[in-house]
Amino acid sequence: MTVDSDLEQRFARFVEHQVLHGTRLSLDSLVSDRPHLAEPLRRLIDLYDNLTTTLDVGLMSQPAWALEPALPAFDGFRTIERVGAGGMGQVFKLQDVKLERIVAAKVVRADRRANLPLANFLREARSLALFKDRRIVQIFEFRADSDPPVIIMEFVDGFELGRVGPSLEFRQRARVLIEVCEALQHAHDLGLQHRDLKPSNIMLDEALSPKILDFGLSASDPSTGHLMGTPQYLAPEQLDPTQPIDARTDVYALGVILYELLAGTMPYVGSQTAELHDAIRRREPRLPVEIDPRVPEPLQAVALKAMERLPADRYQSAAEMALDLQRYLDGRPVLGRPTIYASTLGTRLRPHIDQIEEWLRLKLIYPHEAERLRAAYRQLDAREDDWIVESRTLSYSQIALYLGAFLLVCGSLFYFGAHRFYDAVKGVARPFLVLAAPFLGLNVAGRYLYGREHKAVAVAFFLAGVGLLPLFLLIWFHETGVWVVAKDVPNQIFNDGSVSNRQLQVTILLAGGVARAPYENRGARDGVHVPALLVDPGSARRFRPARVD
Amino acid sequence: MKRTDTSALVEQARAGSAGALDALYGRCAGKLLPLIRLRMGRSLRTELESRDILQAVLLKSFERFEQFHGSETRSLMAWLARIAENEIRDRADYQGRGRRDAARRAPLEEAEALPGPVRSALTQAILNEQARRVEQALEALADGHREIILLRQFEELTFPEIAARLGKTEDACRMAFARAMTALTLQLATRT
């Protein structure tokens, strides 16, 4: 008798017994004389159990063939149904008999228990127990001694992000992702990375509030956890065991999730694992706007920025990504500039730039036109600095608010105290005393705020400082009596003789130059370059551009 | 869901529960589509036609749900299977006479007018990969094995009912069913 038919006969005996008598023969009694048949027979019986369950439930629920058929029982709970199965574990819906509350139970699949020691399972339970964030699934209990060992946790009733995502507005998708980022930041703050983030591990309730599930692979050790998790969401550093894994690995997965939410497809595909890994390591993803033109560019930028191949190029934390997403929701430009933009643009610009040389050679254009074209392309290629982007987003109301507040402070200072000193000192010291101090103060405050990443406010302070400058100059001119020429010329704006038109003119020109300086000449720390050309309208005489050090 | 839950669902559906009707059709359609395909035989079968028949059967049963109460079997699946058999026979006749009833061949895309439960049941049945695998395995079985599994598991008849239908003893039917299930499991095992 061959091994196969022997096995089949034993299996047939099991099924007959089951159908005719309604009882199950034990595996041991069936293979007592042939222990090596135990494993294949057990597999057949599992398959049979699955088949009958499937046929009984109407082929509608989808248990994978290799899963355990019967619902496990847990002391104190009534098992209602199986709600999910993943690579390593299964999740059941239970009802607490005493409290009557619905909970979820997570167990490790029977066939994987050997690979996944209890210690790992315990670690997941412990990490869950650390979290205090409503957006991370809450753990109630860990039972190591029950068979199988089980984690009892909050039952999350909702939909997987992957299913709901496509029907959401783009703003809603951004809002969901912000919450996911924030929850993840909470985990990162505790030193744990999720390492298996994907849309099916994020559940949305009816208020679209997300909940992160499955911290089964979460860990904090940078040298472990490579090549685990779902292939499509693996970061490049997870494919290379020499690279450390840190919080930015989760940021990468967040980027892939956002990409998928926007484009509706995965950034990298491959029919084989090796092909997929190669794509993740080397290929550039298609831009989501190429796939779906409705995708808002700022969200695309955030996704691609988070998906940068080098961790150093990504958002450095989930919180940073959340902030950038929030900027999109607030209608401010996002800060993320994915390198793929520059590289894509760079490769596409090169033919154009070469073309300019060609035109120039053929004398189709003049050299100065060529220079203008090159400058235009260079500008496209150059990356704008954060602070310029920031300062462009200052609204008029913000500037008015900051300046107004500043004037109020200055005014009251002057009113209550400064005038005494003002009367006491004479000459050039006057404007210095009264205005130079606030001017310096504003600059110091601006620099401090700039360092603290409050760039928009810092720029407002600098602007306020610049606003002081004309005032300072006017007082200085008045006190020292310089530039009083042509005071007796008719049609003076101020008839009381305090300030002449010439003084006003010079003041505005000088101040305007200084105000523009930080934008043009950011690198010059030793002085402020004043590019304004001083022109005397009366004599049409030109002054040299000044450099005030 | 256990076998007995079907009758509970039927009661609830009759009482007007939309959820129960949904679940009922979801459950039935998953079995009905393989059943229809397997009963039709190769010559009649094309993908679209079996879906058409499923749609027609579900629609008819939806319209005549009241009649089910009066039928002799307690098995909803057996009742649906009979509607399906009639439908298949009707179509085979049309096919034979070379006539096509355009109205009956309405493609699924025009299914907007379908009642909700029927529509969702249809989509589920068509998408059900697992039903497809079981179906393919069933097709590879011997005729006798396939038929008894269809009667027992798909039409959900009791063994006395099957015995009456096949003209055999109840024990013989049980034995045959056990052998058929063994064969089906082995068939699936070779496929995975």
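Residues numbered from 1 in each chain as written. Chains lettered and ligands numbered in written order. Predicted model: local features only at pLDDT ≥ 70, side-chain atom pairs only at ≥ 80, totals over all residues. Heavy atoms only, no water.

(A) View of the packing of aromatic side chains. According to the stated counting rule, one finds 4 aromatic pairs over all chains in the structure shown. Between Phe14 of chain A and Tyr48 of chain A the ring centres are 6.2 Å apart and the planes differ by 90°, which places this aromatic pair in the edge-to-face class. With a gap of 34 residues between them, Phe14 of chain A in helix H1 (residues 3-21) and Tyr48 of chain A in helix H3 (residues 38-56) connect regions that are remote in the sequence. Comparing Phe14 of chain A with Tyr48 of chain A shows no difference in burial state: the two are buried. Both rings, one in Phe159 of chain B and one in Phe177 of chain B, keep their centres 5.7 Å apart while their planes meet at 70°; by these two values the pair is edge-to-face. Highlighted residues: Phe159 of chain B in helix H9 (residues 159-166) and Phe177 of chain B in helix H10 (residues 170-191), separated in sequence by 18 residues. Residue Phe159 of chain B shares its accessibility class with Phe177 of chain B, and that shared class is buried. (Phe/Tyr/Trp six-rings, centres within 6.5 Å; stacked < 30°, edge-to-face > 60°. Helix = DSSP H or I, 4+ residues; strand = E, 2+ residues; numbered from the N terminus. Buried < 20%, exposed > 50% of the residue type's maximum accessible area, 1.4 Å probe, protein only.)

(B) Quick peek at the packing of helix H10 (residues 297-306) of chain A against helix H11 (residues 318-329) of chain A. Residue and element names in this part refer to chain A. At a minimum axis distance of 9 Å, the contact between H10 and H11 shows a crossing angle of 170°. By the angle between their directions, the pair H10 and H11 is classed as roughly antiparallel. Here H10 contributes Pro298, Leu299, Val302 and Ala306 to the contact with H11, which in turn contributes Met321, Asp324, Leu325 and Tyr328. (Axes fitted to C-alpha atoms, helices over the stretch in contact; angles between N-to-C directions. Parallel < 35°, antiparallel > 145°, perpendicular 65-115°, else oblique. Contact = heavy atoms within 4.5 Å.)

(C) Quick peek at helix H12 (residues 339-361) of chain A. Residues and elements named next belong to chain A. Over its 23 residues, H12 extends 33 Å from the first C-alpha to the last, a length consistent with the 33 Å expected when each residue adds 1.5 Å. Of all the bends in H12, the largest measures some 30° and sits at Leu349, one to four residues before the proline Pro351. Of all the positions in H12, only Ile340, Tyr341, Gly346, Leu349 and Ile356 are classed as buried. Just beyond H12, the residue with positive phi is Lys363, at close to 60°. (Expected span 1.5 Å × (residues − 1). Bend = angle between axes of the 7 residues up to and from the residue.)

(D) Local environment of the pairing of strand E4 (residues 139-143) of chain A. All names here are of chain A. As judged from the 4 bridges shared by E4 and strand E5 (residues 150-154), these two strands associate in the antiparallel manner. Looking across to E5, one finds that Phe142 is bridged to Ile151. Hairpin connection of E4 to E5: 6 residues between the antiparallel strands. (Pairing = 2+ DSSP bridges.)

(E) Looking closely at the environment of Ser200 of chain A. Mapped onto the fold, Ser200 of chain A is located in the loop between helix H6 (170-189) and strand E7 (202-204). Along the sequence, Ser200 of chain A and Phe159 of chain A sit 41 residues apart, while their C-alpha atoms lie 8.8 Å from each other.

(F) A look at the nonpolar core. Counting residues in each nonpolar core, the largest one holds 71 residues, and the members touching the most others are Leu128, Leu254, Ile257, Leu258, Met321 and Leu325 of chain A. Top element by residues in this core is helix H7 (residues 247-263) of chain A. It accounts for 11 residues. Shared between two domains, this core takes at least three residues from each, and those domains are domain 2 (77-154) and domain 3 (162-336) of chain A. When neighbours within four sequence positions are excluded, Leu325 of chain A is seen to be in contact with Ala174, Leu177, Ile178, Cys181, Leu258, Leu299 and Val302 of chain A. Within the second largest apolar cluster, 63 residues are counted, among which are Val31 of chain A together with Ile53, Val134 and Cys173 of chain B. (Core = buried A, V, L, I, M, F, W, Y, C linked by side-chain atoms within 4.5 Å. Domains from an automatic or database assignment.)

(G) Inspection of the pairing of strand E3 (residues 102-108) of chain A at higher detail. Residue and element names in this part refer to chain A. The element E3 is largely enclosed, with a buried count of 6 among its 7 residues. For strand E2 (residues 89-96) and E3, the ladder comprises 7 bridges, and the chain directions are antiparallel. The residue of E3 that forms the bridge with Gln90 is Val107. If you look at the hairpin formed by E2 and E3, you'll find 5 residues sitting between the two strands, and Glu100 has a positive phi there, around 60°. Here E3 runs beside E5; their pairing, made up of 5 bridges, is antiparallel. Its bridge partner being in E5, Ala104 is matched across the sheet by Met153.

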